[in-house]
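Chains, contacts and geometry: an overview
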Amino acid sequence: VKEVRDVEKLVRSSTNFNQRQLALLGDALRDPEASYSFTTHAATNNVTHETARNDLIPLAELGLLEQRRQGRSFSFTPAVDLADQLKTVG
């Protein structure tokens, strides 16, 4: 729990991420089984599909989320070593 709090504090102080990405990363740290999609991210944050894409794809490119194709859409799950990855990125 302390490690998650420390990593969340590190991430919040980072200027590499926008507020939506920070919220998603915090959620992903607390729930490693979480799954995200462009549609759910857009609906949760009241943004367009394109904005959701622009939030999620860079996180996958950094190795913070794992991207998988599901039919015609994509799902994103937290990386297995998300906390360690955030320490190096943040």
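This section reports on the structure supplied with the text.

Cut-offs and rules
- Per chain, residue numbering runs from 1 following the sequence as it is written.
- Local features are withheld for residues below a pLDDT of 70 in this predicted model, meaning they are given only at 70 or higher, and side-chain atom pairs are given and counted only at 80 or more; totals for whole chains, interfaces and linings count all residues.
- To obtain the side-chain values, all non-hydrogen atoms of the structure were included, while hydrogens and water were left out.
- Comment: elements are numbered from the N terminus, with helices defined as DSSP H or I runs of at least four residues and strands as E runs of at least two.
- Categorising residues by exposure relies on relative accessible area from a 1.4 Å probe, with only protein chains included: less than 20% of the type maximum marks a residue as buried, more than 50% marks it as exposed, and the intermediate range marks it as partly exposed.
- We call two residues contacting when some pair of their heavy atoms lies within 4.5 Å.
- Surface exposure here means Shrake-Rupley accessible area, sampled with a 1.4 Å probe, where a residue is shielded only by the protein chains that are shown.
- Take the buried residues of types Ala, Val, Leu, Ile, Met, Phe, Trp, Tyr and Cys, join any two whose side-chain atoms come within 4.5 Å, and each joined set is a nonpolar core.
- By definition here, a salt bridge exists when the distance from a side-chain nitrogen of Lys or Arg to a carboxyl oxygen of Asp or Glu is within 4 Å.
- One bridge is not enough; two strands pair if DSSP finds at least two bridges between them.

Some thoughts on the overall build of the protein
When you go through the protein residue by residue, the secondary structure sums to five helices and two strands. Reading the secondary structure of the protein in the N-to-C direction produces α-α-α-α-β-β-α. Expressed as a percentage of its 90 residues, the buried residues of the protein come to 37%. The contacts of the protein with a sequence gap of at least 6 include a subset with a gap of at least 24, amounting to 49%. Of the roughly 5600 Å² of accessible surface on the protein, 48% is carried by carbon and sulfur atoms.

Re the nonpolar core
Membership of the largest hydrophobic core comes to 20 residues, with the highest contact counts inside it found for Leu-25, Leu-59, Leu-64, Leu-65, Phe-76 and Leu-82. In terms of residues, this core owes the most to one element, helix α2 (residues 19-30), which gives five residues.

Let's talk about the side chain of Gln-21
Counting through the fold element by element, Gln-21 comes out in helix α2. The class for Gln-21 is buried, based on a relative accessible area of 7%. Setting aside anything within four residues of it in sequence, one finds Gln-21 in contact with Asn-16, Asn-54, Asp-55, Pro-58 and Leu-59.

Side note on the pattern of salt bridges
A full pass over the atoms with the stated rule returns three salt bridges. Two residues, Arg-20 and Asp-55, come together in a salt bridge whose shortest N-O distance is 2.6 Å. Remark: Asp-55 occurs in helix α4 (residues 49-61) and Arg-20 occurs in helix α2; sequence separation between them is 35 residues. On the basis of relative accessibility, which here comes to 2%, the residue Asp-55 falls in the buried class. As a salt-bridge pair, Arg-53 and Glu-50 come within 3.9 Å of each other at their nearest N and O atoms. In this pair, Arg-53 and Glu-50 both sit in helix α4, three residues apart, roughly one turn of the helix.

Structural notes on the environment of Asp-31
Along the chain, Asp-31 turns up in the loop between α2 and α3 (38-45). Here Asp-31 falls in the partly exposed class, since its relative accessible area comes to 33%. Remark: the alpha-carbon pair of Asp-31 and Thr-77, spanning 46 residues in sequence, is separated by 9.8 Å.

Digging into the pairing of strand β2 (residues 73-78)
Relative to β2, strand β1 (residues 65-70) runs antiparallel, the two being bridged by six bridges. Its bridge partner lying in β2, Glu-66 is registered against Thr-77. Taken together, β1 and the strand that follows it, β2, pair antiparallel across an intervening segment of two residues, in which Gly-71 is found at a positive phi of about 65°.

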